[in-house]
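Architecture and fold: a report
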Amino acid sequence: MPTAGLRNLDDLGDVDGRRVLVRVDFNVPLDGAGAVADDTRIRLAIPTLDALRERGACLLLVSHLGRPDRRDPQWSLRPIAEHLAGLISEDVGFAPSLDEIPAGALVMLENIRFEPGETNNDPALAARLGALADAYVNDAFGSAHRAHASTEAIVRHVERSVAGLLFEREVQTLGQLLDEPQRPLVAVLGGAKAADKIGVINRFLELADTVLLGGGMSYPFFAVGGRRIGRSLCDEASLEAARRVLARPGTSDRLRLPVDLVIADRFSADAELLVSDPIDIDDEWEAIDIAPRTRELYARVIAEAGTVFWNGPVGAFEIEPFAAGTHAIARAVAETDAITVVGGGDSGAALTRFGLQDDVTHLSTGGGAALEFLEGNVLPGVAALTGDG
Ligand code: ADP
Ligand code: MG
């Protein structure tokens, strides 16, 4: 069971007057001017920061931002530190490097990816980080699928290392989905490419009572079944993924595909739209959403579920006329009495755009880490905080 033995704040011991290094996930989207476009991830870390400060700890926050491979002012965390200061109405000190840490109760370190050792899980960098603190708290579940110096190696260079509140909640909620879901367990899986998510599809075909497919990832299944899909999203890897999924024993009992699709004559907001039912798409057209009959069928399955996991938009929802199917799924997920867990950056963005983000049990911030966890992989960042270590 992947949740067993995760050390948490209760295992941290006395931190009064001590310095705690907190690995947060402030890898937030920035707008064109370099300002924070969505601060959800920053806000979600605040309960852990508050809990530690109430216990008298001085905090050194460590995060990455983007994928710089060297010092690059475009990816500085300084504006993020300022944004945090605004959110909590307190001073947040800023450490431009590991050798220049100012005094203060709350200090943010510059982007840890400016250090070349971070992504190689370099023990020397981990030792330098560890030397800065008496204890380590990881609240960056979204980075737990990577063995990096600030997420994995560091635990061997501090006396105590535990999960923060957000990290713990992610592991608990996702773990419960795997271990003891209230049934029926329904997975709604969408997104652009079947090949990207074959592990998740296969896993939920084992775990769930029903798997509802939608979005671009469903079109290869029609192609493999001999239907015409026109210019709809589909690539060789996804055709192969669909063939492999369909060849698994038991798939047909659990897997549902759309029964009708909205098709467009071009991928643009002013496209002409039609419904393809039964699914048979001419060469010049492409599928862009699930259509009303599928929306209703899927909504009914979601309404009767005990637990729902949703990952991946069921249409190209970023374009307003293509968003109705994803909106219908979001509404059904928000309205059902089931336990509802939503994972994935774009699904979360869709939910938020429809104003339904507070109407689900758990909106995971874990992105790729959440999907890997659900596939059953051992995440290095989770393993590092598990057991007596
Ligand atoms: P998540 O981030 O929630 O895991 P993905 O990244 O797998 O989701 O997929 C999201 C993308 O899939 C969205 O940008 C959406 O526009 C796209 N998508 C879904 N269906 C279609 C479609 N029919 N045509 C084009 N893009 C689609
Ligand atoms: Mg995505």
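These lines cover the structure that appears in this document, whether it is placed above or below. (Residues numbered from 1 in each chain as written. Chains lettered and ligands numbered in written order. Predicted model: local features only at pLDDT ≥ 70, side-chain atom pairs only at ≥ 80, totals over all residues. Heavy atoms only, no water.)

Okay, the sheet that holds strand S4 (residues 106–109) next. The pairing of strands in a sheet happens through backbone hydrogen bonds and is either parallel or antiparallel. Overall, parallel pairing links the 6 strands, which are arranged S3-S4-S2-S1-S5-S6 in an open sheet. Where the open sheet ends on each side, the last strands, each with one partner, are strand S3 (93–95) and strand S6 (160–163). Put simply, the sheet's adjacent strands are angled 25° from each other on average, direction ignored. By the bridge criterion, 5 bridges tie strand S1 (residues 19–23) to strand S2 (residues 58–62) in an arrangement that is parallel. Bridged to Arg23 within S2 is Val62. (Pairing = 2+ DSSP bridges. Helix = DSSP H or I, 4+ residues; strand = E, 2+ residues; numbered from the N terminus. Axes fitted to C-alpha atoms, helices over the stretch in contact; angles between N-to-C directions.)

The next subject is the environment of Thr326. Turning to its location among the elements, Thr326 is positioned in helix H10 (residues 324–335). As for Thr326 and Asp253, which are separated by 73 residues in sequence, their C-alpha atoms are 24 Å apart. What Thr326 contacts, discounting residues up to four positions off in sequence, is Asp289, Trp310, Pro313, Val314, Gly315, Phe317, Ala350 and Phe354. (Contact = heavy atoms within 4.5 Å.)

Turning next to the packing of aromatic side chains. Enumeration over the complete set of coordinates arrives at 4 aromatic pairs. Aromatic pair Phe204 and Phe309: ring centres 5.1 Å apart, planes at 5°, arrangement stacked. Here Phe204, found in helix H5 (residues 198–207), pairs with Phe309, found in strand S13 (residues 307–311); they are 105 residues apart in sequence, far enough to count as distant. An aromatic cluster of at least three residues, connected via ring pairs, comprises Phe141, Phe167 and Phe373. (Phe/Tyr/Trp six-rings, centres within 6.5 Å; stacked < 30°, edge-to-face > 60°.)

Next up on the list: empty space enclosed by the protein. A complete count under the given rule lists 3 cavities of 30 Å³ or more for this structure. Roughly 50 Å³ of volume is contained in the largest cavity. Only helix H4 (165–179) and strand S14 (339–343) provide two or more residues apiece to the lining of the largest cavity. Tallying contributions element by element places H4 first for the lining of the largest cavity, with 3 residues. In terms of residue class, the lining of the largest cavity is made up of 4 nonpolar, 4 polar and 1 charged. (1 Å grid on protein atoms, 1.4 Å probe; cavity = no way out; pocket = protein on both sides within 12 Å on 5 of 7 lines; lining within 4 Å. Points joined across faces, edges and corners; volume = space filled by probe spheres on them. Nonpolar A, V, L, I, M, F, W, Y, C, P; charged D, E, K, R; others polar.)

With that settled, consider the site of ligand 1. For ligand 1, the set of nearby residues contains 20 residues, the closest of which are Lys197, Tyr219, Glu318, Asp346 and Ser347. Within the contact set of ligand 1, an oxygen atom lies 3.3 Å away from a backbone nitrogen or oxygen of Gly345. Within the side chain of Ser347, an N or O atom sits 2.5 Å from an oxygen atom of ligand 1. In this structure the site holding ligand 1 corresponds to the second largest pocket. At the level of secondary structure, the elements contributing two or more residues to the shell around ligand 1 comprise strand S12 (286–290) and helix H11 (345–353). (Near = heavy atom within 4 Å. Polar contact = N/O pair within 3.5 Å; in protein donor to acceptor, adjacent residues only side chain to side chain. Sits in = over half its atoms within 2 Å of the grid points.)

Okay, the sheet that holds strand S11 (residues 273–276) next. Here 3 strands make up an open sheet; going across it, the order is S11-S10-S12 and the pairing antiparallel. Two strands bound the open sheet, and with one partner strand each, they are S11 and S12. Strand-to-strand, the axes of this sheet are offset by a mean angle of 40°, without reference to chain direction. Judged from the 4 bridges that link them, strand S10 (residues 261–264) and S11 form a sheet pairing that is antiparallel. Bridge pairing in S11 places Leu261 opposite Ser276. Across the sheet, helix H9 (residues 292–303) touches S10, S11 and S12, and the angle it forms with S12 is around 35°.

Here the focus is the pattern of salt bridges. One pass over the structure, following the stated rule, counts 23 salt bridges. Linking Arg53 and Asp50 is a salt bridge whose minimum nitrogen-to-oxygen distance equals 4.0 Å. In this pair, Arg53 and Asp50 are both assigned in helix H1 (residues 40–54), 3 residues apart and thus about one turn of the helix distant. Residue classification places Arg53 among the partly exposed residues on the basis of a relative accessible area of 21%. The residue Arg300 makes a salt bridge to Glu296 at a minimum N-O spacing of 3.8 Å. Of this pair, Arg300 and Glu296 both sit in helix H9, 4 residues apart, which is roughly one turn of that helix. Each member of the salt-bridge network shares a partner with another, and the members are Asp50, Arg53 and Glu90. (Salt bridge = Lys/Arg side-chain N within 4 Å of Asp/Glu carboxyl O. Buried < 20%, exposed > 50% of the residue type's maximum accessible area, 1.4 Å probe, protein only.)

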